[in-house]
Amino acid sequence: MTQAASSIVAPRETRPREQIAVFSIAGCSFVISAASVQEIRSTDSLGGAVVDLEQIVFSKVRHIVEREARSYYVVSGCEHFHLPSSRPSTVLILRSAPVAVLVDHIEEMAEMRLLLALPKSFTGDERAWYRGLTVLDRKVLPVINPKGFLTPAELRQLEEQNPGMLQTAGAGSDRGRG
Amino acid sequence: MNLDKESHVPSFVVFQIGSRRVALPRDCVAELIASPTLFSFPHTTPLITGVALRRGRIVPILDLGPGLLGGSSPEARFFLVVERRDPKMSERCAIPVQGECELVSGDVLPASAQEGFITGCMDLNGEQIDVIDLEWAIATSAKFSESSVPAVEALE
């Protein structure tokens, strides 16, 4: 995985490459490593696999979605980034966390050759949201930290308030297939 | 002429934020840039209005308006690139400024203003210019603006 060393661009030939997806939410573009995405689905295709959470702990998480015998908390990208409401048509199911993120649409799949550290002047939530910044087509875009959608503490809180729901949803999906 | 004495006269960059002219020590200032392309993305840090890509570096744009003017700076075409020297924040950032900047030399007199970020005052052809401490001005501006800026506003 591309490492963010500093906010200064390194010579092009020394830069590692990383496959990425560029997606948008409420008019803002973001980059996520393709390796951290398990599946990209249309929201329409999820249908009955969505279960409402019994207790809403965070306004950005209201549902669980079941996919391939696993369950994921559905995180609203708009609410996570404090953006205006939009119409998500796509869901990114992440590989390294039980998280599915609602986004507006995928803009492109591309290759990232550059990951710059987020300048130290940024001191807010964005330090957890992003791995750093990249430059694509002369535009500076934030590179998503997949573990930033739900921190370990947030995952714990969700599990405490909705005990066993994530596992139960996954098991239910299993049974449905059996 | 005493060259030795003259070489010790400190120099300053005088610039304008909104209606207010202030000065920073020359060694805090890297360059003045005009109309860079600005990029915005969601974040919650007060004062940051975006970033610019300059000489292969990502340069955050910091608006000192809240501390110096009591509100956001007017739209700017010029940006003063300054060096932050706070041990935790040692990096370049850019301040939106109105109009052109001047490089001047002169002695600094004790500050008469009440604002804590003003470290002194210099006389420029009869005009009294406040010399500011960059880190203190940033901290004061951040305090004036909301502790958490909604990302929507940061993108405007």
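Calculation criteria
- Residues numbered from 1 in each chain as written.
- Chains lettered and ligands numbered in written order.
- Predicted model: local features only at pLDDT ≥ 70, side-chain atom pairs only at ≥ 80, totals over all residues.
- Helix = DSSP H or I, 4+ residues; strand = E, 2+ residues; numbered from the N terminus.
- Buried ≥ 20, exposed ≤ 12 C-beta atoms within 10 Å, placed from the backbone.
- Contact = placed C-beta atoms within 7 Å.
- Core = buried A, V, L, I, M, F, W, Y, C linked by C-beta atoms within 7 Å.
- Nonpolar A, V, L, I, M, F, W, Y, C, P; charged D, E, K, R; others polar.
- Pairing = 2+ DSSP bridges.
- pLDDT = per-residue confidence, 0-100.
- Axes fitted to C-alpha atoms, helices over the stretch in contact; angles between N-to-C directions.

Details of the overall build of chain A
Secondary structure summary: chain A contains four helices and eleven strands in total. Taken across its 178 residues, chain A has 37% of its residues classed as buried. Looking at chain A alone, contacts between residues at least 24 apart form 59% of all its contacts between residues at least 6 apart.

Comments concerning the overall build of chain B
In terms of regular secondary structure, chain B is built from four helices and ten strands. Listing each helix as α and each strand as β along chain B from the N terminus yields α-β-β-β-β-β-β-α-β-β-β-β-α-α. Expressed as a percentage of the 156 residues in chain B, the buried residues total 37%. Restricting the contact set of chain B to residue pairs at least 6 apart, pairs at least 24 apart contribute 54%.

Some details on the nonpolar core
If you look at soluble globular proteins, the nonpolar side chains tend to sit buried side by side. Ranked by internal contacts, the top residues of the largest apolar core, which has 83 residues, are Leu92, Ala100 and Val101 of chain A. Not counting residues up to four positions away in its chain, the partners in contact with Leu92 of chain A are Phe23, Ile32, Val37, Ile40, Ala100, Val101 and Val103 of chain A.

Description of the interface of chain A and chain B
With 22 residues of chain A in contact, the opposing surface of chain B contributes 21 residues. For the side of chain A that touches chain B, the secondary structure elements donating two or more residues are strand 10 (130-136) and strand 11 (139-144) of chain A. With three residues, strand 11 of chain A is the single largest residue contributor to the side of chain A that touches chain B. Looking at the side of chain A that touches chain B residue by residue, the class counts come to 13 nonpolar, five polar and four charged.

Quick word on helix 3 (residues 134-144) of chain B
Given 3.6 residues per turn, any residue in an α-helix points the same way as the ones three and four places further on. Taken together, the buried positions of helix 3 of chain B are occupied by Leu134, Ala137, Ile138, Thr140, Ser141 and Ala142 of chain B. On its buried side, helix 3 of chain B packs onto strand 2 (20-25), strand 6 (57-62), helix 2 (65-68), strand 7 (78-84) and strand 10 (127-132) of chain B.

Section: the pairing of strand 6 (residues 70-76) of chain A
All names here are of chain A. By the criterion of burial, strand 6 is predominantly enclosed, with six of the seven residues buried. Sheet topology note: the strand 5 (residues 61-67)/strand 6 ladder contains six bridges and is antiparallel. Its bridge partner lying in strand 6, Ile64 is registered against Tyr73. Between strand 5 and strand 6, which follow one another and run antiparallel, lie two residues, and Glu68 among them has a positive phi close to 50°.

Description of the confidence of the model for chain B
Note: predicted coordinates in regions of low pLDDT should not be interpreted at a detailed level. Residue and element names in this part refer to chain B. Residues at a pLDDT of 70 or more form 88% of chain B, whose mean pLDDT is 87. No element of chain B has a lower mean pLDDT than helix 4 (residues 151-155), which averages 49, and none a higher one than strand 4 (residues 38-39), which averages 96. Scored by ipTM, the complex comes to 0.85, with pTM at 0.85.

Observations concerning the sheet that holds strand 3 (residues 37-42) of chain A
Residues and elements named next belong to chain A. A sheet is described by the order of its strands in space; here six strands give the open sequence 3-7-8-6-5-4, paired in mixed fashion. Unpaired on one side and paired on the other, strand 3 and strand 4 (50-52) mark the two borders of the sheet. Ignoring strand direction, the axes of neighbouring strands in this sheet form an average angle of 30°. Here strand 6 pairs with strand 8 (residues 99-103) via four bridges, running parallel. Bridge pairing in strand 8 places Val75 opposite Val101.

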